[in-house]
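# Coordinates in review
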Amino acid sequence: MAQVVLDRVEKIYKGNIRAVKGISLHIDDGQFVVLVGPSGCGKSTTLRMIAGLEEISSGTISIGDRVVNTVAPKDRDIAMVFQNYALYPHMTVKENMAFGLKLRKTPKAEIEKRVRDASAILGLDDYLERKPKALSGGQRQRVAVGRAIVREPACFLFDEPLSNLDAKLRVSMRSELKALHQRLKTTTVYVTHDQEEAMTLGDVVVVMANGDIQQAGSPDEVFRTPVNRFVAGFVGTPPMNFLDGVLRAEGDRMVWLETGKSPVEIVLPDHLTAHARPLAGSTCVLGIRPGAISVQPDAPHDRSFLVQVVVVEPLGEQTDLRLTTPSGEHLTARVPSVHGHMPKVGQTIRVAIDPARVHAFEPGPFGRALDAPPAPAASEAATEAA
């Protein structure tokens, strides 16, 4: 096992296209770190640079105590699992798992032992003599993981390994991968576009956008204390609601007033008041998690408002309500399902906001959270968080 350190790593393609913008990240020995973000954010390019499959333009990458900028992929002591499994169709499961070790001229007895151990861990004992075409998608992915395990590398690299599986199998494989990491304790870097996958797997979640690290921290940190509007909107299902408005001081209180003809007023909670006061009169984006909105006919008016129900989406124990404010802004609320007492489409209802779960951001798609601590460049902040 080994730590992985990226120090101001850049990738610039022809035409001065900066795919990765000088990111820095420290991954501890044995840590499971997930790089997550939308397509084109630079996460897969970053992983490929760690693997040596993509040449870096500047900066340094270290695995263990070695700077590996000029080290060939086969000599980096890493094992990579790809989205498409990359199995040899003419080889059996056993042969696929052993192939890399044979190329390294590992003694036959040692190959047998490692394949047997990996097979037992992954539940592949009954499939060792089968070829990939006789396996399901989940079984093929286990073989790909097994091929990585037998290498006994310093670091595992996973490039969207579950994206080709159906939804139910993805959830199952997620649990298996997490249990596997807890057993092996090998440093792991995992790339996905699925924020739910990132949150359930990672010790540290690194949210990327536009080739840079926006925030790095525990799943709980990036969910509860997003540093900017992008992270807030990307992490969480359903996504956070955003409403444009203006801040106004009223004595000891700070009030957020929605922009529109029939504005909603919300008194900001104590944890935001001090940060908002210097910005009185400025525009501000209010962020509200769907789970922070509840249907409360008798709620106080300073923390509640009337909305119209547009869509009702039952989800078993929970129901998503698509709502519009009097100004025509759209909201999603996730509320407990109560048989026979759910709002109806077209109905006007009063909803209350949990003040502890209100966020406030500067304007713009990457507007900073008002209560976010002052920070250096996002990539340097990510190094500290990780």
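The coordinates are above.
Residues numbered from 1 in each chain as written. Predicted model: local features only at pLDDT ≥ 70, side-chain atom pairs only at ≥ 80, totals over all residues. Heavy atoms only, no water.

This next bit is on helix α4 (residues 137-150). With 14 residues, α4 should reach 20 Å at 1.5 Å per residue; the first-to-last C-alpha distance of 20 Å fits that figure. With 12 of its 14 residues buried, α4 lies for the most part within the structure. Within the span of α4, buried status applies to G138, Q139, Q141, R142, V143, A144, V145, G146, R147, A148, I149 and V150. Buried residues along α4 sit against β6 (78-81), α2 (93-103), α3 (108-122), β7 (155-159) and α5 (167-184). Where α4 ends, the next residue or the one after it, E152, has phi of about 50°, a positive value. (Helix = DSSP H or I, 4+ residues; strand = E, 2+ residues; numbered from the N terminus. Expected span 1.5 Å × (residues − 1). Buried < 20%, exposed > 50% of the residue type's maximum accessible area, 1.4 Å probe, protein only. Contact = heavy atoms within 4.5 Å.)

Counting across every chain of the model gives 17 salt bridges. The partner of K11 in a salt bridge is E54, with the nearest N and O atoms 3.7 Å apart. With K11 in strand β1 (residues 4-13) and E54 in the loop between α1 (43-51) and β4 (58-63), this pair connects stretches of sequence that are 43 residues apart. Each member of the pair, K11 together with E54, is buried. In this structure, R224 and D220 form a salt bridge, with 2.6 Å as the shortest nitrogen-oxygen distance. Highlighted residues: R224 and D220, both in helix α7 (residues 219-224), separated by four residues, approximately one helical turn. A relative accessible area of 53% places R224 in the exposed class. Each member of the salt-bridge network shares a partner with another, and the members are R248, E250, R253 and E265. (Salt bridge = Lys/Arg side-chain N within 4 Å of Asp/Glu carboxyl O.)

Next up on the list: the side chain of Q31. Along the chain, Q31 falls in the loop between β2 (17-27) and β3 (32-36). Side-chain polar atoms of Q31 contact the backbone nitrogen of D28, separated by 3.0 Å. (Polar contact = N/O pair within 3.5 Å; in protein donor to acceptor, adjacent residues only side chain to side chain.)

Within the open sheet, the five strands sit side by side as β15-β19-β16-β17-β18. Their pairing is antiparallel. Pairing within the sheet leaves two strands with one partner each, and these edge strands are β15 (293-295) and β18 (330-336). Shown here is a sheet whose adjacent strand axes are inclined to one another by a mean of 50°, direction ignored. Sheet topology places strand β16 (residues 304-315) next to strand β19 (residues 348-353); five bridges connect them, and they run antiparallel. By the bridge assignment for β19, Q308 is matched with T348. (Pairing = 2+ DSSP bridges. Axes fitted to C-alpha atoms, helices over the stretch in contact; angles between N-to-C directions.)

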